[in-house]
Amino acid sequence: MAVKKLERYKMRGLINKDKLLLIAFLFTFISFWFLLPDYAINTISLSFCNGLVILGLLLLMRAGLISFGHGMYYCLGGYAVAMTYNFLQIKEVFVLIAFSVLAGFIVSFFLGFFVRRFRGIFFAMLNLALSMILFGIIVKSISLGSTDGFGIKELTYFNHAIEDEKRLNIFSYLLIVILTSLMMMIVMTFLKSPSGKILEAIRENEIRSSYLGISINKQIHKIYIFSSTLAALGGGLMVILIGHITPEDTAYWTRSGEFVFVAILSGSLNVFAPLIGSLFFEFIRSYALFYFPNTWQMIIGVVLILGILYLPEGIGSIFNKRKK
Amino acid sequence: MASIPFIILDSLVYASWLFMVASGLTLIYGVMKVLNVAHGSLYAFGAYANAWLIGWYFNNYTEFEFLSFLFIPISALVIGIILGFLIEKFFLRKIYFRDEIVVVLVTYGLFLIFEDAMKLIFGTTSYLPYQPRMLLGNINVLSIPYVIYDLAIIGIAALIWFLFNFIIKFTKIGKLLLSVINDREMSSALGINVNKFFIYTFTFGCLLGCLGGAVSAPMISVVPGIGVEVIVLAFAVVVTGGLGSVTGAAIGALFIGLARTITIFYAPQLELFIVFFVMAIILSFKPEGLFGSKEVRKI
Amino acid sequence: MLLEVKNLNKKFGSVSAANNINFKMNENEIIGVIGANGAGKTTFCNIITGYLKPDSGVILYEGKNITKFNVQEIKNIGIHRSFQIPQVFENLGVLENIIITELVAKNKQNALFEDAYSKKNYQNAIKLLEKFSFDVDKFKDKTVKELPQGARKVLDILIAIIGKPKVILLDEPTSGISTDEKNVIMKNILRAIKEFNISVLFIEHDMEIVEKFSERVVAFYNGEIIADDKPSKVFNQNNVKKFIIGGL
Ligand SMILES: Nc1ncnc2c1ncn2[C@@H]1O[C@H](COP(=O)(O)OP(=O)(O)O)[C@@H](O)[C@H]1O
Ligand SMILES: [Mg+2]
């Protein structure tokens, strides 16, 4: 019996089917470029940008945390690209992306000192508050385009210029798909490492974790930075894809609400779930906003509640620590 | 140039408003350990109901204008009681034993539902039910004209605070409530009907949220999205004061009210920022809030 | 002197949970702690391990003042503990509980480029459980929340032993366990602990167990230490008989 079990553990360690799956995932989506119509490719690209935010939320969820304001980092990443483009006249995509990642990293590094002291509802709501502040600041700043936001035009990929009309092109698509897969790979490796497992310990029992000698606040800070940086990258890619950003579409609470929604329904067990979840969501949304423009939030709310109340092992089980 | 008495008065009015919208939130958390995100929607519902009634009344009648004040308690009572009861009975009751995050997600879902529901019911155009506020006119405070209606908010907030303290300190219900707050299981074992306390508390808290909205309606433009700002502000207030403490919420509201008024005079674009800045400063020194008790889990 | 506590005080409101406590522990001692519920035994452990801050008093470890240390720092200098109510990772497997503990003990909580649940780590975890006579075959594929109370308690204690502390505080290691099992469990734990040269303080309500396994007994009553001596002497002291043994 014991031998058989060991076989299974060996399988887990050596033959890594997740990595194979990820490679398959990457090539499937690359091949879609040649197979699917433009609108579908566009939706896929957008869903991957957003999926990076969800991937970030998955990391937080591993530690038992959820943020109601992760749109803030999505917004920051996007504005970092738009501002670098417009203020510094940098058109090179890879530099722009680097700026969005940097923005997410720096801001979350500093805010992390504050939010890492909080858990549960406090953590969730403080992040909502932070995103509302960012929203308020942008809306009131004429130099940042206020509610109209910012646009970018022609971009260069390794000095190879692509004109403005062709935002969605083989370069931007590959960039998004490859970066997303890379991030999934990193997150996957991280979650399997001791560093990632520590998060589960923190989620399960903070008292025991600190008695083991884990510095919980530091670990949460680390994961907050990681998660926020992913969200910022998502925002940066989104601007490169769409060419435009507004505070309402990124930092406003409704967007964060959608992120939470997809994150909760996707669960935290698997790194593919956030991307697939985001893909479904984006396709449904493109129809729903057309057919039910006024009841979209309502539908999300209903599905969220039904999911939490009636999917016993899905959603709620991420947070199935019982109340004392 | 703003004079000091004027700043103080403005702060007091704003603090009273904050306390009014935050008191229900902190009460519900204090008793039930539920952070009700839908509190913002209840505020918005109360505001919409009152705005609609006022609009309807002044469109159809020109006499007995003072009757329009009755719409405040009417909308608060009707909406607060109905929604409070329904939310508690059909959603929260099923999940009290779950993690706080799960509960907050459910109230968050309700919040999303209500946001659209209000758009469907009341439309997306703004309501400006200014008439009741005009009716009361102005009064000179230190030779500066001040709207009487706004000053009345201070009275309402004081009344709510007084009511809370009176109930807790001098009534039997208050004593039972305290025992429910201190030890839910023990109270239940002693024969106190905890479920009943929960439904009453929740409904009362919702009523306060609606009341806040109804009272505010004549002072604001009632538009979609007012709920979210209120829940975020109310959250800042109750966290600053200590989640679950009503007096804490009052003190927190005063701090934040003062900081905000000063900011509005000198740097209006930082309005929302300053609210959270005050909160962040206070939480940096006392993470459980001014009147919050640090909960050391017994191990 | 390994551990020394001087004039320790702690109040919760009007309740005095630690009232001028003075206590010394030598290397390789096994000390039993007795006292009725609410006497302040757990609070004593909580203060030593930095979970609670004392109102006043000093705690010395190998002569060094550790009064202000937090839980992690206390752990890092080699004082571990188990809990009255097991503090384990409920939704994780038994083996995973052990693996995570070992990883942290080896200071790998920030390691990125290795597989936490590797075959080697599983084998180590199984070996470790076997060493402590934990019923590996029966429980190793279960999550902690599926374990019976006794196995949970043992797991909680094992987690405290991993990392080889110099001092271990066991808070009611046998509560909720049947009388037959108590002896076996205590024997297994103490045997393993002896092997590592760990000094032990264990809180226990069962006087037979205390008498059998401890060399010294400390009796708590209302936040005070009312007796501290050999078991036979403490059990014969009048106030101990009246307040603790009789009161049970
Ligand atoms: N975190 C706490 N908050 C308030 N009172 C506490 C706390 N921990 C312990 N007490 C009180 O201190 C006294 C001692 O408790 P404890 O140390 O748990 O006793 P024992 O472990 O001996 O049964 C009891 O009256 C208990 O109610
Ligand atoms: Mg105890």
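Computed from a prediction, not measured in an experiment: that's the story for all the values here.

Novice: Looking at this structure, I do not really get the sheet that holds strand 4 (residues 56-61) of chain C. What am I missing?
Specialist: By way of backbone hydrogen bonds, the strands of a sheet pair with one another, either parallel or antiparallel. Residue and element names in this part refer to chain C. Ordered in space as 2-1-4-5, the four strands form an open sheet in which the pairing is antiparallel. Looking at which strands have only one partner, the edges of the open sheet turn out to be strand 2 (15-25) and strand 5 (64-65). Taken together, the five bridges between strand 1 (residues 3-12) and strand 4 define a ladder with antiparallel strand orientation. The residue bridging N9 from the neighbouring strand is S56, located in strand 4.

Novice: Would you explain the site of ligand 1 in this entry?
Specialist: Contacts to ligand 1 come from 13 residues, most closely from G38, G40, K41, T42 and T43 of chain C. More than one chain approaches ligand 1, the contributing ones being chains B and C. One nitrogen or oxygen atom from the main chain of G40 of chain C is found 2.9 Å from an oxygen atom belonging to ligand 1. Measuring from an oxygen atom of ligand 1, one finds a backbone N or O atom of K41 of chain C at 2.8 Å.

Novice: What exactly am I supposed to notice about the interface of chain C and chain A here?
Specialist: It is common to give the size of an interface as the accessible area that goes away when the parts come together. Taken together, the contact between chain C and chain A spans 40 residues of the former and 32 residues of the latter. Each partner contributes to the roughly 3200 Å² buried at the junction of chain C and chain A, and carbon and sulfur atoms together form 60% of this total. By the criterion of area lost to chain A, the three top residues of chain C are Q72, F89 and Q109 of chain C, representing 17% of everything that side buries. The shortest N-O distance in the salt bridge between D156 of chain C and R208 of chain A comes to 2.5 Å. At the junction of chain C and chain A, the tally comes to 15 residue pairs in polar contact (both at pLDDT 80 or more).

Novice: Please explain the coordination of the magnesium ion (ligand 2) as it appears in this structure.
Specialist: Metal coordination angles in their ideal form are 109.5 degrees for the four-donor tetrahedron and 90 or 180 degrees for the six-donor octahedron. Residue and element names in this part refer to chain C. With distances of 2.0 to 2.2 Å, the protein atoms coordinating the magnesium ion (ligand 2) are T42 (OG1) and Q84 (OE1). In this pair, T42 is assigned in helix 1 (residues 41-48) and Q84 in the loop between strand 6 (79-81) and helix 3 (94-105), connecting sequence segments 42 residues apart. Residue T42 is classed as buried on the basis of its relative accessible area, which comes to 15%.

Novice: How should unusual backbone geometry be read in this particular structure?
Specialist: Only a minority of non-glycine residues have a phi that is not negative, and only a minority of peptide bonds are not trans. Residue and element names in this part refer to chain C. The residue N7 is not glycine, and still its phi comes out positive at about 50°. Within the fold, N7 resides in strand 1. For N28, which is not glycine, the phi dihedral falls at a positive 60°. Within the secondary structure, N28 sits in the loop between strand 2 and strand 3 (30-34). Judged by relative accessible area, which is 41%, N28 ranks as partly exposed.

Novice: Before we go on, may I ask you to explain the interface of chain B and chain A in this structure?
Specialist: The interface is formed by 49 residues belonging to chain B together with 41 residues belonging to chain A. Summed over both partners, the interface of chain B with chain A buries about 4300 Å², with 78% contributed by carbon and sulfur atoms. Run the count over chain B and chain A and you get zero salt bridges. Inspection of the chain B/chain A interface yields six residue pairs in polar contact (both at pLDDT 80 or more). When contributions to the side of chain B that touches chain A are tallied by element, the ones reaching two or more residues are helix 1 (4-32), helix 4 (100-122), helix 10 (226-241) and helix 12 (271-285) of chain B. Among the elements that make up the side of chain B that touches chain A, the one with the highest residue count is helix 4 of chain B (16 residues). Counted by class, the side of chain B that touches chain A contains 35 nonpolar, four polar and ten charged residues.

Novice: For this particular structure, what's the right way to read the domain arrangement of chain C?
Specialist: Residue and element names in this part refer to chain C. The domain boundaries assigned to chain C delineate domain 1 (1-78 + 165-248) and domain 2 (87-163). Once you take the C-alpha centre of each, domain 1 and domain 2 turn out to be 26 Å apart. The partner domain 2 presents twelve residues to the 19 residues of domain 1 that form the contact. A combined buried area of about 1200 Å² lies between domain 1 and domain 2, and 67% of that area is made up of carbon and sulfur atoms. Ranking the residues of domain 1 by area buried against domain 2 places P165, I189 and F196 at the top, with a combined share of 27%.

Novice: What's the story with the pairing of strand 1 (residues 138-141) of chain B in this structure? I'm lost.
Specialist: Consecutive side chains along a regular strand alternate between the two faces of the sheet. All names here are of chain B. By the bridge criterion, four bridges tie strand 1 to strand 2 (residues 144-147) in an arrangement that is antiparallel. When the bridges of strand 2 are listed, I139 appears paired with Y146. Following strand 1, the chain reverses through two residues before pairing antiparallel with strand 2; L142 in that reversal takes a positive phi of roughly 50°.

Novice: Hey, could you run me through helix 6 (residues 120-140) of chain A in this one?
Specialist: For an α-helix, the turn length of 3.6 residues means that residues three or four places apart are oriented alike. For helix 6 of chain A, spanning 21 residues, the distance from its first C-alpha to its last is 31 Å, which sits close to the expected 30 Å at 1.5 Å a residue. The buried fraction of helix 6 of chain A is high, at 16 of 21 residues.

Novice: What's the story with the pairing of strand 8 (residues 199-203) of chain C in this structure? I'm lost.
Specialist: Residue and element names in this part refer to chain C. Across the five residues of strand 8, five count as buried, placing the element largely inside the fold. Sheet topology note: the strand 3/strand 8 ladder contains four bridges and is parallel. Within strand 8, the position partnered with I30 by the bridge is V200. Alignment of strand 7 (residues 167-170) against strand 8, held across four bridges, turns out to be parallel. Directly across from V167, in strand 8, lies its bridge partner S199. On the question of chirality, the crossover connecting strand 7 to the parallel strand 8 by way of helix 7 (residues 179-195) is right-handed.

Novice: When you look at the packing of aromatic side chains in this model, what are you seeing that I'm missing?
Specialist: Centre-to-centre distance and the angle between the planes together describe a pair of aromatic rings. Applying the stated rule across the entire model yields 54 aromatic pairs over all chains. Where F29 of chain A meets F32 of chain A, the ring centres are 5.1 Å apart and the plane angle is 75°; that geometry is what we call edge-to-face. Placement of both F29 of chain A and F32 of chain A in helix 2 (residues 17-35) is noted, with a separation of three residues, approximately one turn of the helix. Owing to a relative accessible area of 6%, F29 of chain A belongs among the buried residues under this scheme. Joined through ring pairs, the aromatic side chains of F68, F135, Y252 and W253 of chain A together with Y108 and F111 of chain B make up one cluster. Sitting over the face of the ring of Y14 of chain B, R260 of chain B holds its NZ or CZ atom 3.5 Å from the ring centroid.

Novice: Is there a simple way to think about the nonpolar core in this case?
Specialist: Generally speaking, soluble globular proteins have nonpolar side chains that are buried together. F68 of chain A, W17 of chain B together with F134 of chain C are the most contacted members of the largest nonpolar core, which has 256 residues in total. Here this core takes 15 residues from helix 4 of chain B, the largest share from any one element. Both domain 1 (1-78 + 165-248) and domain 2 (87-163) of chain C contribute no fewer than three residues apiece to this core. Ignoring anything within four residues of it in the chain, the contact list for F68 of chain A reads A124, M125, N127, L128, S256 and V260 of chain A together with V104, L105 and Y108 of chain B. Grouped together as the second largest cluster of nonpolar side chains are 28 residues, V5, A18, I31 and I48 of chain C included.

Novice: I tried to follow the packing of helix 2 (residues 39-60) of chain B against helix 4 of chain B on my own but got confused; where do I start?
Specialist: Helix-helix packing: each pair is described by the crossing angle between the helix axes and the interaxial distance. Residues and elements named next belong to chain B. Between helix 2 and helix 4, whose axes approach to 10 Å, the crossing angle comes to 10°. Considering the angle they form, helix 2 stands roughly parallel to helix 4. Considering how the two elements wind past one another, helix 2 and helix 4 form a crossing that is left-handed. Contact residues: helix 2 offers S41, A44, F45, Y48, A49 and W52, while helix 4 offers F111, F114, E115, M118, I121 and F122. Of the residues belonging to the contact of helix 2 with helix 4, the class tally is ten nonpolar, one polar and one charged.

Novice: Hey, could you run me through the pattern of salt bridges in this one?
Specialist: Opposite charge on two side chains makes pairing possible when the charged atoms of those side chains draw close. A complete count under the given rule lists 23 salt bridges over all chains for this structure. A salt bridge links K119 of chain B to D116 of chain B; the nearest nitrogen and oxygen atoms lie 3.7 Å apart. With K119 of chain B and D116 of chain B both in helix 4 and three residues apart, the pair spans about one turn of that helix. Using a relative accessible area of 2% as the deciding quantity, one classes D116 of chain B as buried. Two residues, D228 of chain C and R216 of chain C, come together in a salt bridge whose shortest N-O distance is 2.8 Å. Of this pair, D228 of chain C sits in strand 10 (residues 224-229) while R216 of chain C sits in strand 9 (residues 216-221); the two residues are twelve residues apart in sequence, bridging distant segments of the chain. According to the relative accessible area criterion, D228 of chain C is partly exposed, its value standing at 31%.

Rules and cut-offs
Residues numbered from 1 in each chain as written. Chains lettered and ligands numbered in written order. Predicted model: local features only at pLDDT ≥ 70, side-chain atom pairs only at ≥ 80, totals over all residues. Heavy atoms only, no water. Pairing = 2+ DSSP bridges. Helix = DSSP H or I, 4+ residues; strand = E, 2+ residues; numbered from the N terminus. Near = heavy atom within 4 Å. Polar contact = N/O pair within 3.5 Å; in protein donor to acceptor, adjacent residues only side chain to side chain. Contact = heavy atoms within 4.5 Å. Buried area = accessible area lost by both parts, 1.4 Å probe. Salt bridge = Lys/Arg side-chain N within 4 Å of Asp/Glu carboxyl O. Donors = N, O, S within 2.8 Å, 3.2 Å for Na, K, Ca; no water. Buried < 20%, exposed > 50% of the residue type's maximum accessible area, 1.4 Å probe, protein only. Nonpolar A, V, L, I, M, F, W, Y, C, P; charged D, E, K, R; others polar. Domains from an automatic or database assignment. Expected span 1.5 Å × (residues − 1). Right-handed = clockwise from strand over helix to strand, strands pointing away. Phe/Tyr/Trp six-rings, centres within 6.5 Å; stacked < 30°, edge-to-face > 60°. Lys NZ or Arg CZ within 6 Å of the ring centre and 35° of its normal. Core = buried A, V, L, I, M, F, W, Y, C linked by side-chain atoms within 4.5 Å. Axes fitted to C-alpha atoms, helices over the stretch in contact; angles between N-to-C directions. Parallel < 35°, antiparallel > 145°, perpendicular 65-115°, else oblique. Left-handed = near helix turned anticlockwise from the far one by under 90°.

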